[in-house]
Amino acid sequence: MKILIFGAGGFIGSNLIEHLIEQGEHEITGLDVTDTKLAGIEGPNFKFIKGNISEEGLANELVAETDVVVDLIAYANPSIYVESPLEVVRLNFFENMKILEYCLHHQKRLIQYSTSEVYGKRTRDSEYHDDHSDLVMGPVQKQRWIYASSKQLLERIIYAHGMKGDLDYSIIRPFNFVGPRFDYLVPAGSKGGPRVFSHFLSAMFTGGPIYLVDGGGQHRCFTHINDASTAFSAILENGAGRNDIFNVGNPDTNTTMENLAHLMQRLYGEITGSAPNNEIIVIDGEDFYGKGYEDMDRVPPNVDKLTALGWKQTKGLEAIFAEAIQYYVDRPELAAEILS
Ligand code: NAD
Ligand code: UGA
């Protein structure tokens with residue numbers, strides 16, 4: 001099968017391509033504006049094209065030549081949602097709509113990466129169900145929700161095409177994937193920027209403070225990136241993965257951000273032999289990310305539909321974070337950039 005991956009050079013894309021190359025079953029083409037995270041990822045069945053999704057001729061032509069389109073293009077860091085909401089909606093909705101239109105025009109299967117964030121604020125459910133949980137957005141003035149709203153509308157349009165019968169699609173809702181090549185490290189005391197793993201690890205490398213946003217009581221479930229890649233394959237290969245929406249997450253890794261900070265400090269100490277001693281500072285969400293940020297407490301995903309495809313998670317919370325920390329410890333040149 002020919003698989004075209006838009007956003008191939010990002011965290012999920014680079015890991016997915018590594019996984020698909022190892023499988024050796026498909027012909028993969030990846031497009032991205034950057035290939036830094038693809039360094040060393042090579043295979044006879046993989047071709048990378050450096051390009052911008054806004055180059056309509058190029059994107060349309062690539063879709064015409066493939067069997068399946070995987071759409072990973074988006075801004076995915078909460079700081080951007082509050083700093084540049086219009087840019088978020090331009091890329092995460094309007095540019096993604098164009099990809100959908102190319103798929104409709106050429107009648108190609110679309111695998112769309114959405115987000116766990118579409119569930120929004122915590123509801124009365126004890127777990128998020130892909131088919132019947134409510135999607136609850138915060139006020140318009142809290143610009144954080146522009147990301148989830150863009151993704152939600154895209155999901156609704158894709159679903160409507162599926163109902164109409166003119167689109168073959170699958171929607172993936174990722175729950176906090178973590179692993180090698182995740183985001184980027186930041187200098188001591190930085191605010192905003194990357195996602196939580198990168199902030200906490202950067203603090204350990206630099207000795208800077210660990211910020212617990214809004215007290216650190218918020219829950220998240222984290223997913224090993226390799227489990228995320230096998231979930232993609234289960235959805236791709238299985239007939240039951242078509243025209244449906246899937247939570248991709250690990251319900252057994254539910255933890256608070258405060259617990260995560262302590263867990264990562266312990267693991268970092270065990271891996272490096274040097275116990276970190278960061279000051280832990282509680283900070284208001286708007287002071288950390290900017291005006292318009294709002295946090296949420298998430299409940300675990302229900303993954304019954306995904307497990308019915310034969311998928312199961314293999315990595316628990318400690319293994320997920322130990323492996324991701326080890327990746328950076330083994331590459332001191334990455335930390336050197338923030339220490340210089
Ligand atoms: P990422 O930022 O690492 O990857 C996105 C990639 O898209 C980047 O490599 C970027 O260069 C590329 N890109 C952006 N604009 C482009 C353009 N105009 N033309 C070509 N390429 C462009 O993010 P990620 O973590 O890999 O997330 C991928 C997708 O999964 C996103 O849609 C994100 O919203 C979704 N998602 C990810 C997670 C997670 O846990 N990582 C969770 C929920 C949702
Ligand atoms: C992110 C992004 O919105 C998307 O990539 C994606 O939709 C979603 O993850 C997901 O993976 O499903 P979020 O879950 O808030 O959203 O991810 P982080 O930015 O990693 O934040 C997680 C929690 O840690 C939040 O409560 C945040 O406030 C907190 N945090 C973050 C800290 O306490 N300290 C920090 O230094 C950074």
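Described in the following lines is the structure provided in the data block. (Residues numbered from 1 in each chain as written. Chains lettered and ligands numbered in written order. Predicted model: local features only at pLDDT ≥ 70, side-chain atom pairs only at ≥ 80, totals over all residues. Heavy atoms only, no water.)

### Regarding the layout of surface pockets
Here the second largest pocket defines a volume of roughly 250 Å³. Surrounding the second largest pocket, 13 residues form its lining, Asp130, Leu135, Arg156, Arg173 and Ile245 being those nearest its centre. For the lining of the second largest pocket, the elements supplying multiple residues, two or more each, are α5 (145–164) and β11 (244–248). Looking at which element gives the most residues to the lining of the second largest pocket, the answer is α5, with four residues. For the lining of the second largest pocket, the residue count by class is three nonpolar, three polar and seven charged. (1 Å grid on protein atoms, 1.4 Å probe; cavity = no way out; pocket = protein on both sides within 12 Å on 5 of 7 lines; lining within 4 Å. Points joined across faces, edges and corners; volume = space filled by probe spheres on them. Helix = DSSP H or I, 4+ residues; strand = E, 2+ residues; numbered from the N terminus. Nonpolar A, V, L, I, M, F, W, Y, C, P; charged D, E, K, R; others polar.)

### Comments concerning the environment of Thr307
Along the chain, the position of Thr307 falls in helix α10 (residues 304–307). Residue classification places Thr307 among the partly exposed positions, given a relative accessible area of 34%. C-alpha separation for the pair Thr307 and Ala231, spaced 76 residues apart in sequence, amounts to 8.9 Å. (Buried < 20%, exposed > 50% of the residue type's maximum accessible area, 1.4 Å probe, protein only.)

### Structural notes on the site of ligand 2
Close to ligand 2 lie 26 residues, the nearest being Thr115, Ser116, Glu117, Arg220 and Asp295. Thr115 places a side-chain nitrogen or oxygen 2.4 Å from an oxygen atom of ligand 2. Contact between ligand 2 and Glu117: an oxygen atom at 2.4 Å from a side-chain N or O atom of the residue. About the coverage of ligand 2: the protein hides 97% of its 710 Å² of free accessible area. Elements that contribute at least two residues to the shell around ligand 2 include exactly α3 (78–83), α6 (196–206), β8 (210–213) and α9 (285–289). The class makeup of the residues in the shell around ligand 2 is 15 nonpolar, five polar and six charged. (Near = heavy atom within 4 Å. Polar contact = N/O pair within 3.5 Å; in protein donor to acceptor, adjacent residues only side chain to side chain. Areas by Shrake-Rupley, 256 points an atom, 1.4 Å probe, with all protein chains shown as cover.)

### Let's talk about the site of ligand 1
Surrounding ligand 1, one finds 26 residues, the nearest of these being Asp32, Asn52, Tyr147, Lys151 and Phe177. Contact between ligand 1 and Arg195: an oxygen atom at 2.9 Å from a side-chain N or O atom of the residue. In isolation ligand 1 has 820 Å² of accessible area, and contact with the protein removes 89% of it. Of all the secondary structure elements, the ones that give two or more residues to the shell around ligand 1 are α1 (11–23), β2 (27–32) and α5. Residue composition of the shell around ligand 1, grouped by class: 14 nonpolar, nine polar and three charged.

### Quick word on the packing of helix α8 (residues 257–272) against helix α11 (residues 317–329)
A packed helix pair is summarised by two numbers, namely the angle formed by the two axes and the spacing between the axes. Interaxial distance between α8 and α11 falls to 10 Å at its minimum, and their mutual angle equals 50°. Put simply, α8 runs oblique to α11. Judged by the sense of rotation from one axis to the other, the crossing of α8 with α11 is right-handed. Between α8 and α11, the residues in contact are Leu260, Leu263, Met264, Arg266, Leu267, Tyr268, Ile271 and Thr272 and Leu317, Glu318, Phe321, Ala322, Ile325, Gln326 and Val329, respectively. For the contact of α8 with α11, the per-class residue count stands at eleven nonpolar, two polar and two charged. (Axes fitted to C-alpha atoms, helices over the stretch in contact; angles between N-to-C directions. Parallel < 35°, antiparallel > 145°, perpendicular 65-115°, else oblique. Left-handed = near helix turned anticlockwise from the far one by under 90°. Contact = heavy atoms within 4.5 Å.)

### Remarks on helix α7 (residues 225–237)
In a regular helix each residue adds 1.5 Å, so 13 residues correspond to 18 Å; α7 covers 18 Å between its end C-alpha atoms and thus fits that length. Within α7, ten of the 13 residues are buried, which leaves the element mostly enclosed by the surrounding structure. (Expected span 1.5 Å × (residues − 1).)

### Here's the deal with the sheet that holds β2
Read across the sheet, seven strands follow the order β3-β2-β1-β4-β5-β6-β11 without closing on themselves; strand pairing throughout is parallel. In the strand order of this sheet, the two ends are held by β3 (46–50) and β11, each with one partner. The sheet shows a mean angle of 15° between the axes of neighbouring strands, direction not considered. Two strands pair when backbone bridges link them, and strand β6 (residues 169–174) and β11 are joined in this way by five bridges, in the parallel orientation. Bridging across to β11, Arg173 finds its partner in Asn247. (Pairing = 2+ DSSP bridges.)

### Some words on the packing of aromatic side chains
By the definition in use, this model includes 15 aromatic pairs. Note on Phe197 and Phe321: the rings are 6.0 Å apart at their centroids and 45° apart in plane angle, and the pair reads as tilted. One end of the pair, Phe197, is in helix α6; the other, Phe321, is in helix α11, with 124 residues separating them in the sequence. Phe321 sits in the buried class, given a relative accessible area of 0%. Grouped by ring-pair contacts, the aromatic residues Phe11, Phe182, Phe197, Phe222, Phe321, Tyr327 and Tyr328 constitute a single cluster. (Phe/Tyr/Trp six-rings, centres within 6.5 Å; stacked < 30°, edge-to-face > 60°.)

### Observations regarding α1
Its 13 residues give α1 an end-to-end C-alpha distance of 19 Å, which sits within 8% of 18 Å, the value for a rise of 1.5 Å per residue. Within the span of α1, buried status applies to Phe11, Gly13, Ser14, Asn15, Leu16, Ile17, His19, Leu20 and Ile21. Trailing α1 by a residue or two, Gly24 shows a phi angle of about 65°, which is positive.

The values reported here are purely geometric and, on their own, carry no functional implication.
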